[in-house]
Amino acid sequence: MSIQFEGKAGGAISARNASTELDCETAALLRAAIRPVFSSAISWSNLTEILKDKGYRLAFRQGLLCITDRTTGDRVCGLRFLGFDFKDLVRQLGRPIVVARGNEADGDVLSARPTANGA
């Protein structure tokens, strides 16, 4: 999550605000907006589409499922921040379709299984 402040010289000062640095009001609002999406999801496809509409996506970072900003790819928060456990989501939604990225146990959760012809 990135925040821009106006400096006295007129230029924008960019500051990165990671999920561990969120103030309590922002954290409460984020939880209030995102938790119901996870609780009411009927499938991984459904969950990823709703998050996409809100400007987020699901991704694995260093082996942990987290929510990332859809445009920048920056990590917003992890499942534990929202009060969820991955194994409980697997019980609720089944196994996700994941494509690996890089070599750091990173990957993206897909909304649909890719086809052989790339369509």
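Residues numbered from 1 in each chain as written. Predicted model: local features only at pLDDT ≥ 70, side-chain atom pairs only at ≥ 80, totals over all residues. Heavy atoms only, no water.

1. Notes on the confidence of the model for the chain
1) Next: When pLDDT is averaged along the chain, the result is 83, and 81% of the positions lie at 70 or above.
2) Next: Note on residues 11–19: pLDDT under 50 across the span, and 26 contacts to partners over four residues away in sequence or across chains. (pLDDT = per-residue confidence, 0-100. Contact = heavy atoms within 4.5 Å.)

2. Digging into unusual backbone geometry
1) Next: Unusually for a residue other than glycine, Gln62 sits at a positive phi of about 50°.
2) Next: Along the chain, Gln62 turns up in the loop between β3 (56–61) and β4 (64–69).
3) Next: At Ala105, a residue that is not glycine, the phi angle is positive and equals roughly 60°.
4) Next: Structurally, Ala105 is set in the loop between β6 (97–101) and β7 (106–110). (Helix = DSSP H or I, 4+ residues; strand = E, 2+ residues; numbered from the N terminus.)

3. A look at the pairing of strand β5 (residues 75–78)
Sheet faces and side chains relate simply in a regular strand, where the side chains alternate between the two faces.
1) Next: Here three bridges tie β4 to β5, and the two strands are oriented antiparallel to one another. Pairing of Cys66 across the sheet is with Gly78, part of β5.
2) Next: Linking two consecutive strands that pair antiparallel, namely β4 and β5, is a turn of five residues; a positive phi of about 80° is found at Gly73 within it. (Pairing = 2+ DSSP bridges.)

4. Brief notes about the state of the cysteines
1) Next: All told, the structure shown has zero disulfides when counted by the stated rule.
2) Next: For Cys66, which is in no disulfide, the shortest distance to another cysteine sulfur is to Cys77 and amounts to 7.9 Å.
3) Next: On the basis of relative accessible area, Cys66 is assigned to the buried category, the value being 1%.
4) Next: Overall, Cys77 belongs to the buried group, its relative accessible area being 1%. (Disulfide = S-S within 2.5 Å. Buried < 20%, exposed > 50% of the residue type's maximum accessible area, 1.4 Å probe, protein only.)

5. Here we look at the environment of Gln62
1) Next: A residue is classified by how much of its surface remains accessible, and Gln62, at 66% relative accessible area, is exposed.
2) Next: Among residues more than four places away in sequence, those in contact with Gln62 are Glu104, Ala105 and Asp106.

6. Comments concerning helix α2 (residues 44–53)
1) Next: Along α2, the residues classified as buried are Trp44, Leu47, Thr48 and Leu51. Down the axis of α2, the buried side of the element spans an arc of 95°, and every buried residue falls inside it.
2) Next: Structurally, α2 contributes buried residues whose contacts are with α1 (24–40), β3, β4, α4 (86–93) and β7. (Arc of directions from axis to C-beta.)

7. Regarding the packing of aromatic side chains
1) Next: For the coordinates displayed, the defined rule picks out three aromatic pairs.
2) Next: With centroids separated by 5.6 Å and ring planes inclined at 80°, the aromatic side chains of Phe60 and Phe86 adopt a geometry described as edge-to-face. Placement of Phe60 in strand β3 and of Phe86 in helix α4 is noted, with a sequence separation of 26 residues between them.
3) Next: One residue, Arg31, lies across the ring of Phe81, its end atom 4.1 Å from the ring centre.
4) Next: Sitting over the ring of Phe84, Arg35 keeps its end group 4.7 Å from the ring centre. (Phe/Tyr/Trp six-rings, centres within 6.5 Å; stacked < 30°, edge-to-face > 60°. Lys NZ or Arg CZ within 6 Å of the ring centre and 35° of its normal.)

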